[in-house]
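Analysis of the macromolecular model
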Amino acid sequence: MSTIESVKQVLLASGAGWVLWLLGLLSMSSLILAVERWLYLRRRGGDLETLARELDVHLRNDEFDRARALLATSSAVAARVADAGLRLSDRGTESADKAMQSAAALERGRLERGLAFLATVGNNAPFVGLFGTVVGVIHAFEELGHAAPAQAAAAAGGQAASQAVMASIAEALVATAVGILVALPAVAAYNYLQRRVVSLLSGTEVLTNLVLAYVADGGPGVRRPARRQELAHGGA
């Protein structure tokens, strides 16, 4: 038995039914993941306008500890990133900026977790369905090959066999249709969630720029309150 014949027999024995089960599993998994990611990203948004207004009041009064306490009460991505900058505000602008860049990179990893799976399902589900269709077509043509001698013997029986083969091909095409049906929601969910991630990361600039604006004149190792005290003693 040749290699091609061996592979054909394996495909005929396995059939295309398992492909539909696999596509169903991928569909359920992508749906569950998309809902979980949507809820997670929704919680990580927050009201940045209100948060920035309250943070500005604390920073203007040099209340760095209260500013950090305010950020700790928020689940927004921007709040965590800004808190990283305030944590190193006594080291100057450059340190605060680097800390916020590092925090933003960590947040990006958390926000994009699982999105690669959605992209993989969206890109490959049609090919999985096509594979099932190919297996079904191989099975149909195998039946057609066995029905060929019968067609020469009896026209009526041959016609019935041909109809059975066409029905098998029609069933095989269902796998491709299901693959496309699985891919479309996965692609749509991935595109939406990816845009949401970009929006959340862009929103961090609302607070990071505000933090940098208040620590810009501190200098390395110098806190703003200390500078104000020095200015007050100098004026006296």
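Thresholds, definitions, all that
Residues numbered from 1 in each chain as written. Predicted model: local features only at pLDDT ≥ 70, side-chain atom pairs only at ≥ 80, totals over all residues. Heavy atoms only, no water. Helix = DSSP H or I, 4+ residues; strand = E, 2+ residues; numbered from the N terminus. Buried < 20%, exposed > 50% of the residue type's maximum accessible area, 1.4 Å probe, protein only. Contact = heavy atoms within 4.5 Å. Areas by Shrake-Rupley, 256 points an atom, 1.4 Å probe, with all protein chains shown as cover. Phe/Tyr/Trp six-rings, centres within 6.5 Å; stacked < 30°, edge-to-face > 60°. Lys NZ or Arg CZ within 6 Å of the ring centre and 35° of its normal. Core = buried A, V, L, I, M, F, W, Y, C linked by side-chain atoms within 4.5 Å. pLDDT = per-residue confidence, 0-100. Salt bridge = Lys/Arg side-chain N within 4 Å of Asp/Glu carboxyl O. Arc of directions from axis to C-beta. Polar contact = N/O pair within 3.5 Å; in protein donor to acceptor, adjacent residues only side chain to side chain. Axes fitted to C-alpha atoms, helices over the stretch in contact; angles between N-to-C directions. Parallel < 35°, antiparallel > 145°, perpendicular 65-115°, else oblique. Left-handed = near helix turned anticlockwise from the far one by under 90°. Nonpolar A, V, L, I, M, F, W, Y, C, P; charged D, E, K, R; others polar. Patch = residues over 30% accessible without salt bridge, like charges linked within 9 Å, V, L, I, M, F, W, Y side chains within 5 Å.

Some details on the overall build of the chain
Scanning the chain for helices and strands turns up nine helices and zero strands. Walking the chain from its N terminus toward its C terminus, one meets helices and strands in the order α-α-α-α-α-α-α-α-α. Within the chain, buried positions represent 36% of all 236 residues. Within the chain, contacts between residues separated by at least 24 positions form 80% of all contacts whose residues are at least 6 apart in sequence. Summed over its atoms, the accessible surface of the chain is roughly 13,500 Å², and 62% of this surface lies on carbon and sulfur atoms.

Quick word on helix H5 (residues 77-87)
Burial of H5 is extensive: nine of the eleven residues sit out of reach of the surface. All buried positions along H5 are accounted for by Val 77, Ala 78, Ala 79, Val 81, Ala 82, Asp 83, Ala 84, Gly 85 and Leu 86.

What about the packing of aromatic side chains?
Applying the stated rule across the entire model yields one aromatic pair. The cationic tip of Arg 37 hangs over the ring face of Tyr 40; the distance from NZ or CZ to the ring centre is 4.5 Å.

Some words on the nonpolar core
In terms of nonpolar packing, the biggest core is built from 38 residues, with Leu 55, Leu 59, Leu 71, Leu 86, Leu 111 and Leu 207 touching the most fellow members. Sorting the residues of this core by element identifies helix H2 (17-43), helix H3 (48-60), helix H4 (64-72), H5, helix H6 (93-111), helix H7 (115-153) and helix H8 (155-215) as the ones contributing at least two each. A per-element tally of this core places H8 first, with eleven residues. Counting eight residues, the second-largest nonpolar core is a separate cluster that includes Val 19, Leu 23, Leu 26 and Ala 183.

Remarks on the confidence of the model for the chain
Predicted confidence across the chain gives a mean pLDDT of 82, with 80% of residues reaching 70 or more. Element-level pLDDT for the chain is lowest in helix H9 (residues 224-235), with a mean of 44, against a maximum mean of 93 in H2.

Examining the pattern of salt bridges
Using the criterion set out here, one finds nine salt bridges in the structure. Its salt-bridge partner being Glu 49, residue Arg 53 comes within 3.4 Å of it at the nearest N-O pair. Here Arg 53 and its partner Glu 49 are both found in helix H3, four residues apart, which amounts to about one turn of the helix. Put simply, Glu 63 and Arg 66 hold a salt bridge, and the shortest N to O gap is 3.7 Å. Through salt bridges that share partners, Arg 44, Arg 80, Glu 107 and Arg 110 make up one connected network.

Examining H4
Of the residues making up H4, those classed as buried are Phe 64, Ala 67, Leu 70 and Leu 71. Buried positions in H4, seen along its axis, are confined to an arc of 115° and lie on one side of it. Of the exposed residues in H4, those oriented more than 90 degrees away from the buried face are Asp 65, Arg 66 and Ala 72.

Regarding the side chain of Thr 176
Looking at where Thr 176 falls in the secondary structure, it is placed in helix H8. A polar side-chain atom of Thr 176 sits 2.5 Å from a polar atom in the side chain of Thr 133. Beyond its immediate chain neighbours, meaning those up to four positions away, Thr 176 contacts Gly 129, Leu 130 and Thr 133.

Topic: the packing of H3 against H4
One way to put it is that H3 packs onto H4 with a least axis distance of 8 Å and a crossing angle of 160°. Comparing their axes, H4 and H3 come out roughly antiparallel. Between H3 and H4 lies a crossing whose hand is right-handed. Of the residues in H4, those in contact with Leu 51, Glu 54, Leu 55, His 58 and Leu 59 of H3 are Phe 64, Arg 66, Ala 67, Leu 70 and Leu 71. Per-class residue counts for the contact of H3 with H4 are seven nonpolar, one polar and two charged.

Considering a nonpolar patch on the surface
Taken together, the side chains of Met 28, Leu 31, Ile 32, Val 35, Trp 38, Leu 39 and Tyr 192 define a hydrophobic patch exposed on the protein surface, amounting to about 670 Å² of accessible area. Along the polypeptide, Met 28 turns up in helix H2.

Section: the side chain of Thr 204
By secondary structure assignment, the location of Thr 204 is in helix H8. At 2.5 Å, the side chain of Thr 204 and the backbone oxygen of Leu 201 are in polar contact. Apart from residues lying up to four places away in sequence, Thr 204 is in contact with Val 77, Ala 78 and Val 81.

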